[in-house]
Number of protein chains: 2
Amino acid sequence: MKNKFYQYIQDLQNTITSKLEEIDGEAKFREDLWERPEGGGGRTRVIENGKVFEKGGVNISAVHGKLPDTMQKMFGVDEADFFACGLSLVIHPKNPFAPTVHANWRYFEMYSPPKGGGSKNEKNFPPSGGLRRAWFGGGQDLTPYYLFEEDAKHFHQVSKAACDKHDSKFYPEYKKKCDEYFWNAHRNEARGIGGLFFDYLKATEDLPAGRQGKSMEDWYNFVTEVGDSFLDAYVPIVEKRKDIPYTDQNRKWQEIRRGRYVEFNLVHDKGTLFGLKTNGRIESILMSLPPHVQWVYDHHPETGSEEEKLTKVLQHPKDWV
Amino acid sequence: MKNKFYQYIQDLQNTITSKLEEIDGEAKFREDLWERPEGGGGRTRVIENGKVFEKGGVNISAVHGKLPDTMQKMFGVDEADFFACGLSLVIHPKNPFAPTVHANWRYFEMYSPPKGGGSKNEKNFPPSGGLRRAWFGGGQDLTPYYLFEEDAKHFHQVSKAACDKHDSKFYPEYKKKCDEYFWNAHRNEARGIGGLFFDYLKATEDLPAGRQGKSMEDWYNFVTEVGDSFLDAYVPIVEKRKDIPYTDQNRKWQEIRRGRYVEFNLVHDKGTLFGLKTNGRIESILMSLPPHVQWVYDHHPETGSEEEKLTKVLQHPKDWV
């Protein structure tokens, strides 16, 4: 499964970066291959200063080795070996009317440590201990600076359609989880208008008694269905908004809102903090941060403005489909 | 002591904001008075878009009530009442050759809970339980975007002189603590060129056996000596640098480095995180964030450049006096 899914995200990275380059028309992704000293590595692709995309990263990685202490604590396990691979993307368009988008699809395997303890380096991988647990996780969410209800509906509709092909319970559940996860608690508002968020998608035999799962093959089909839907969810929106004329005031608002994006990612986002505190590749993790950002003391949008309309929806996440 | 120290920081806030307005020559501080629902409040003063100061806050607060759960854990105590007051300031000049400065001086009291548990609101303050512990904390540190060694020396010399009037061991100890505290671990570099950092300055009888303290009166004299030295430490530097001509490239570098300031404050700074997670006044806490900030993927200064000279010093904090 891990080889199959890693092949999938390699192909998906190619598909997504090709399409985004085509939309931009000017800038190209720069590619950085990197290695993780403790095992594995990644392929980071970043686009900057494009005609449409001011900054964006579409990164894949596949890492393995001894489960770091912080993850042992997180998962409530002792020493173990692990494998993790995934695709993470964040795209910040230049035009304030075009939304920022984030997506991530990942697969995790954890193994019983071989006799004598977990492997300490690449040579011991795959470990002699057996597969203990495996799961998928991920999602996709949209962060507009101005609210176009039709865009929010479109993004959610495409996400829902991908879910519904597998289980009609998925969309309501993962939409709710997304609203909960991307909650900027200290601001008492959502980061954006949501989408999907799922984690620990495990086979039935790995779940607590009574909880119904699917086979890992089923989960693979579901997660790749969502991954395949990403461009359908996002591209029509950015195509529609990328050339709308905008003012300095629109731009200022976008930069202020991007500050909230930074706040979420650095204060609340488990993935970012986990990466920063476990010696991940910093530049690949922080490619998610927007290019130009402002913090203005005690800024509030004018009553009745388009800016205020957005903040009201962020304070009270709604159902879009 | 708490009334005496709160009076001191009220006066110091006036002194500092007057002087900074005089230097700026155009912008004035805006004042916001705020109340904390659980007890106490503050006086926030923010300057924005000045001729010299692009953004800055000089805030005081005095809060009290039931010790929040997160602080109980931090201090390893059960239910208790507390009082805390302090002055916090962060100043971001516009000119990339003028450094950002941060300072904070604070006083904390913790009380045994009255019989029947800690007070839940203002009416129960001061509590019937007795004073259990009291301490001072604080410091001041400088974050340049271009390194002028004479500025770093001046800032440290003034800080050292204030320390030396009280104990010759203070400066080496608090300088070292400052380098350790303002360490941007995920970037493996210091936030700036340091200064002073001290905490838990307690009376001898409140310290573990064998550790020598001072009387609270002595600590008051020390902390206010440092507070009084702040303008001497910072003003000559900003006066000297505020009118140096600069290019777009200098400005870009400043904005990229300000990104590191944001990263430190949101990822590592205990004070900021504590405020965000305990329902502090968000706008007063986040006034520390710089006005205009950039994140550029994998940015490195040119070999041999002034920008590189700064980063080398940040990676290996040095002794300035």
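Along each chain, numbering runs from 1 in the same order as the chain's sequence is written. All chains are assigned letters beginning with A, and all ligands numbers beginning with 1, in the order in which they are written. Only residues with pLDDT of at least 70 are given local features in this predicted model, and only at 80 or more are side-chain atom pairs given and counted; all residues enter the totals for whole chains, interfaces and linings.

**Digging into the overall build of chain A**
Link 1 in the chain: We count a stretch as a helix when DSSP gives it H or I for four or more residues in a row; a strand needs E for two or more, and each element gets its number in order from the N terminus. On a plain count of helices and strands, chain A comes out with nine helices and ten strands.
Link 2 in the chain: A globule of 321 residues ought to have a C-alpha radius of gyration of about 20 Å, and chain A, at 20 Å, matches this closely.
Link 3 in the chain: Along the longest, intermediate and shortest principal axes, the C-alpha atoms of chain A span 65 × 40 × 35 Å.
Link 4 in the chain: Per-residue burial for chain A yields a buried fraction of 46% across its 321 residues.
Link 5 in the chain: For chain A, contacts bridging at least 24 residues in sequence account for 69% of all contacts bridging at least 6. The globule rule is 2.2 Å times the number of residues to the power 0.38, and the radius of gyration it is compared with is taken over C-alpha atoms. Using C-beta atoms placed from the backbone, we call a residue buried if 20 or more other C-beta atoms fall within 10 Å of its own, exposed if 12 or fewer do, and partly exposed for counts in between. Contact between two residues is assigned when their C-beta atoms, built from the backbone, lie within 7 Å.

**Quick word on the pairing of strand β3 (residues 53-66) of chain B**
Residues and elements named next belong to chain B.
Link 1 in the chain: Counting buried residues in β3 gives 13 out of 14 residues, a clear majority hidden from the surface.
Link 2 in the chain: Paired strands, as defined in this entry, are two strands with at least two bridges between them according to DSSP. The turn linking strand β2 (residues 40-48) back onto β3 is made up of four residues, and Asn49 within it adopts a positive phi angle of 55°.
Link 3 in the chain: The sheet contact formed by β3 and strand β4 (residues 81-93) spans 13 bridges and is antiparallel. Following the sheet pairing, Gly56 is matched in β4 by Ile91.

**Notes on the pairing of strand β6 (residues 131-143) of chain A**
Regular strands place side chains that alternate from one sheet face to the opposite one.
All names here are of chain A.
Link 1 in the chain: Relative to β6, strand β5 (residues 100-111) runs antiparallel, the two sharing twelve bridges. Looking at β6, one finds that Thr100 is bridged to Thr143.
Link 2 in the chain: Bridging between β6 and strand β9 (residues 194-201) involves six bridges; their strand directions are antiparallel. Note that in β9 the partner of Gly139 across the bridge is Phe197.

**Comments concerning the interface of chain B and chain A**
Link 1 in the chain: Listed by partner, the interface residues are 22 residues for chain B and 22 residues for chain A.
Link 2 in the chain: Elements with a contribution of two residues or more to the side of chain B that touches chain A: β2, α6 (248-268), α8 (282-285) and β10 (292-294) of chain B.
Link 3 in the chain: With four residues, α6(B) is the largest single contributor of residues to the side of chain B that touches chain A.
Link 4 in the chain: The residue inventory of the side of chain B that touches chain A, partitioned by class, reads 14 nonpolar, three polar and five charged. Residues were grouped as follows: Ala, Val, Leu, Ile, Met, Phe, Trp, Tyr, Cys and Pro as nonpolar; Asp, Glu, Lys and Arg as charged; and all remaining residues, including Gly, as polar.

**Notes on the relation of the copies chain B and chain A**
Link 1 in the chain: Relative to chain A, chain B is turned by 180° and slid 0.0 Å along the rotation axis, the superposed coordinates differing by an RMSD of 0.0 Å. The superposition of one copy onto the other is thereby described by a two-fold rotation axis. Closest approach to the rotation axis among the C-alpha atoms of chain B is made by B:Val293, whose C-alpha sits 2.5 Å away.
Link 2 in the chain: Both copies contact each other with a shared surface, as 100% of the interface residues of chain B are interface residues in chain A too. Here the copies are matched by least squares. The fit uses the C-alpha atoms of residues with pLDDT of at least 70 in both.

**A look at the sheet that holds strand β2 (residues 40-48) of chain A**
All names here are of chain A.
Link 1 in the chain: Spatial strand order, β1-β2-β3-β4-β5-β6-β9: seven strands in an open sheet with antiparallel pairing. Either end of the sheet is taken by a strand with one partner, and the two such strands are β1 (30-35) and β9. For this sheet the average axis-to-axis angle between neighbouring strands, irrespective of direction, equals 5°.
Link 2 in the chain: For every element, the axis is a line fit to its C-alpha atoms; helices are fit only across the contacting stretch, and the angle between N-to-C directions ranges from 0 to 180 degrees. Its contacts with the sheet place helix α3 (residues 149-164) against β6 and β9, and it is angled at close to 30° to β9.
Link 3 in the chain: Along the sheet, helix α4 (residues 170-181) makes contact with β6 and β9, crossing β9 at roughly 100°.

**A closer look at the confidence of the model for chain A**
Interpretation of this model should avoid reading the predicted coordinates in detail wherever pLDDT is low.
Link 1 in the chain: Confidence of the predictor at the level of single residues is captured by pLDDT, which takes values from 0 to 100. Confidence in the prediction for chain A averages 92 pLDDT; 93% of positions are at 70 or higher.
Link 2 in the chain: Taken as a whole, residues 118-124 of chain A scores under 50 in pLDDT and shows 19 contacts with residues more than four places along the chain or in a different chain.

**Describing α3(A)**
Residues and elements named next belong to chain A.
Link 1 in the chain: Between the first and last C-alpha of α3 there are 22 Å, a value that for 16 residues agrees with the 22 Å anticipated at 1.5 Å per step.
Link 2 in the chain: Listed in full, the buried residues belonging to α3 are Asp151, Ala152, His154, Phe155, His156, Val158, Ser159, Lys160, Ala162 and Cys163.
Link 3 in the chain: Taken together, the buried residues of α3 touch β6, α4, β9 and α5 (216-241). Expected helix span is given by 1.5 Å per residue-to-residue step, counting one fewer step than there are residues.

**Notes on the environment of A:Pro144**
Residues and elements named next belong to chain A.
Link 1 in the chain: You can see Pro144 is positioned in the loop between β6 and α3.
Link 2 in the chain: Among the residues examined, Pro144 registers 24 C-beta atoms within 10 Å and is labelled buried.
Link 3 in the chain: In this structure the C-alpha to C-alpha distance between Pro144 and Glu31, which are 113 residues apart in sequence, comes to 27 Å.
Link 4 in the chain: Sequence-distant contacts of Pro144, that is, excluding residues within four places in its chain, are made with Pro99, Asp151, Gly192, Ile193 and Leu310.

**Digging into the sheet that holds strand β1 (residues 30-35) of chain B**
Adjacent strands of a sheet pair through backbone hydrogen bonds, lying either parallel or antiparallel.
Residues and elements named next belong to chain B.
Link 1 in the chain: Read across the open sheet, the seven strands follow the order β1-β2-β3-β4-β5-β6-β9; overall the sheet is antiparallel. Both outer strands of the open sheet, β1 and β9 (194-201), are each paired with one neighbouring strand and no more. Each strand axis lies, on average, 5° off the axis of its neighbour in the sheet, ignoring direction.
Link 2 in the chain: Bridge count between β1 and β2: six bridges; the pairing is antiparallel.

**Brief notes about the nonpolar core**
Link 1 in the chain: Core analysis: the biggest nonpolar cluster contains 156 residues, and A:Ile9, A:Leu89, A:Tyr174, B:Ile9, B:Leu89 and B:Tyr174 have the highest contact counts within it.
Link 2 in the chain: Sorting elements by how many residues they give to this core places α5(A) first, with ten residues.
Link 3 in the chain: In this view, A:Leu89 contacts A:Ile16, A:Gly57, A:Val58, A:His102 and A:Ala103; residues no more than four positions away in its chain are not counted. A set of buried Ala, Val, Leu, Ile, Met, Phe, Trp, Tyr and Cys residues, joined through C-beta atoms within 7 Å, is what we mean by a nonpolar core.

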